[in-house]
Amino acid sequence: MENKRIHKTKLTLKQTLIDMLNEKPFEKINVTDICTQANISRITFYSHYEDKYHLVNDIMNDYTDIAITMFQKRQTENNPNNESVRSYVNILEVILYLFELYPNFFKNITPEKNPYLALQLYNCVLKTVETHTIEESHKHTLRYSPRQITAFLCYGLAGFINESQNEGIDKETIHKQAKKLLMDTVRSQVIIK
């Protein structure tokens, strides 16, 4: 476990980077900018992180840990029988809730604003859903590989949500429709026999 001083320094660096993303793209932010804004020396920065990419990976890991904890709690509360459809819905709901809970970070993670960060986020979500799909493969026969199913679900839902937002549909309706689409897809036996 990190001591309080190290934890506080890392937290300050993370929050500084998140705040800076409101001002400019990740690609235009450098370590000196982060240190200046955080009022932390470069030596201190480099004692914790190799570069800004390691810093952002640490931020992503924090959100992944939060998501996993939230998912496990939801599974315990509303899916004690570990039903596949409910599991996938729980994953979707956790991701959407995480985006709402931490808008200061996630609103800046789009391919247009920050392509590197968007790719990192997509990879993180894909890895998490793929891990779950592999677990599902131990209970069910899958029609496709876990990676194919993961790509179909994640990219399909991301596209659906993005297009719904572009059409001006309110957030609550988008969430309901995305949840229904996911449930119908998993129930249809298109991906799970």
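Residues numbered from 1 in each chain as written. Predicted model: local features only at pLDDT ≥ 70, side-chain atom pairs only at ≥ 80, totals over all residues. Heavy atoms only, no water.

J.: Teacher, can you tell me more about helix α4 (residues 52-78) here?
T.: Residues that lie three or four places apart on an α-helix share one face, since the helix turns once every 3.6 residues. End to end, α4 covers 39 Å across 27 residues, agreeing with the expected 39 Å (1.5 Å per residue, within 8%). Among all positions of α4, only K52, L55, V56, D58, I59, M60, Y63, T64, A67, M70, F71 and Q75 are buried. On its buried side, α4 packs onto α1 (4-20), α2 (31-38), α3 (42-48), α5 (84-101), α6 (103-106) and α7 (115-137). The N-cap residue of α4 is D51: its side-chain oxygen and the backbone nitrogen of Y53 are 3.0 Å apart. (Helix = DSSP H or I, 4+ residues; strand = E, 2+ residues; numbered from the N terminus. Expected span 1.5 Å × (residues − 1). Buried < 20%, exposed > 50% of the residue type's maximum accessible area, 1.4 Å probe, protein only. Contact = heavy atoms within 4.5 Å. Polar contact = N/O pair within 3.5 Å; in protein donor to acceptor, adjacent residues only side chain to side chain.)

J.: How should I be thinking about the confidence of the model for the protein in this particular structure?
T.: Where the model shows low pLDDT, its predicted coordinates should not be examined in detail. When pLDDT is averaged along the protein, the result is 92, and 99% of the positions lie at 70 or above. Ranking the helices and strands of the protein by mean pLDDT puts α2 first, with 98, and helix α8 (residues 146-166) last, with 89. (pLDDT = per-residue confidence, 0-100.)

J.: How should I be thinking about α5 in this particular structure?
T.: Here α5 spans 25 Å end to end across 18 residues, near enough to the 26 Å set by a 1.5 Å rise per residue. Across the 18 residues that make up α5, a large majority, 13, are buried.

J.: What should I look at first to understand the layout of surface pockets in this one?
T.: Using a probe with the size of a water molecule, rolled over the atoms, empty space left in the structure can be pinpointed. Taken as a whole, the largest pocket encloses approximately 930 Å³ of empty space. Forming the walls of the largest pocket are 32 residues, and the residues nearest its centre are L96, F99, A158, I161 and N162. For the lining of the largest pocket, the secondary structure elements donating two or more residues are α5, α6, α7, α8 and α9 (171-187). Top contributing element to the lining of the largest pocket by residue count: α8, with nine residues. In terms of residue class, the lining of the largest pocket is made up of 23 nonpolar, five polar and four charged. Volume-wise, the second largest pocket comes out at about 380 Å³. Lining the second largest pocket are 21 residues, and of these T64, A67, I68, I91 and T128 lie nearest its centre. Listing elements by their share of the lining of the second largest pocket, those giving two or more residues are α4, α5 and α7. The greatest single-element share of the lining of the second largest pocket, amounting to eight residues, is contributed by α7. (1 Å grid on protein atoms, 1.4 Å probe; cavity = no way out; pocket = protein on both sides within 12 Å on 5 of 7 lines; lining within 4 Å. Points joined across faces, edges and corners; volume = space filled by probe spheres on them. Nonpolar A, V, L, I, M, F, W, Y, C, P; charged D, E, K, R; others polar.)

J.: In this structure, what is going on with the pattern of salt bridges? I would like to understand it.
T.: As a working rule, side chains carrying opposite charge can pair if their charged atoms are close by. Summed over all chains, the structure comprises 11 salt bridges. Between E93 and R86 there is a salt bridge whose closest N-O contact spans 2.8 Å. The burial state of E93 is the same as that of R86; both residues are buried. Notably, a salt bridge pairs D184 with K180, separated by 2.8 Å at the nearest N-O pair. Within this pair, D184 and its partner K180 are both found in helix α9, separated by four residues, close to a single helical turn. Taking relative accessible area as the criterion, K180 reaches 49% and is therefore assigned partly exposed. (Salt bridge = Lys/Arg side-chain N within 4 Å of Asp/Glu carboxyl O.)

J.: Can you walk me through the packing of α8 against α9 in this structure?
T.: Two quantities define a packed helix pair, namely the angle between the axes and the distance from one axis to the other. Orientation of α8 relative to α9, taken along the N-to-C sense of each, is 150 degrees, at an axis distance of 10 Å. In terms of orientation, α8 and α9 fall into the roughly antiparallel class. Handedness of the α8/α9 crossing: right-handed. Across from F152, L153, L157, F160, I161, S164 and Q165 in α8, the residues of α9 making contact are I174, Q177, A178, L181, L182 and T185. Of the residues in the contact of α8 with α9, the class split is nine nonpolar, four polar and no charged. (Axes fitted to C-alpha atoms, helices over the stretch in contact; angles between N-to-C directions. Parallel < 35°, antiparallel > 145°, perpendicular 65-115°, else oblique. Left-handed = near helix turned anticlockwise from the far one by under 90°.)

J.: I would appreciate a short explanation of the packing of α1 against α2 in the present structure.
T.: Running from N to C, α1 and α2 cross one another at 110 degrees; their axes reach a closest spacing of 9 Å. Our classification of the angle between α1 and α2 gives roughly perpendicular. For the pair α1 and α2, the contacting residues are T12, L13, T16, L17 and M20 in the first and D33, I34, Q37 and A38 in the second. Across the contact of α1 with α2, the residue classes tally to five nonpolar, three polar and one charged.

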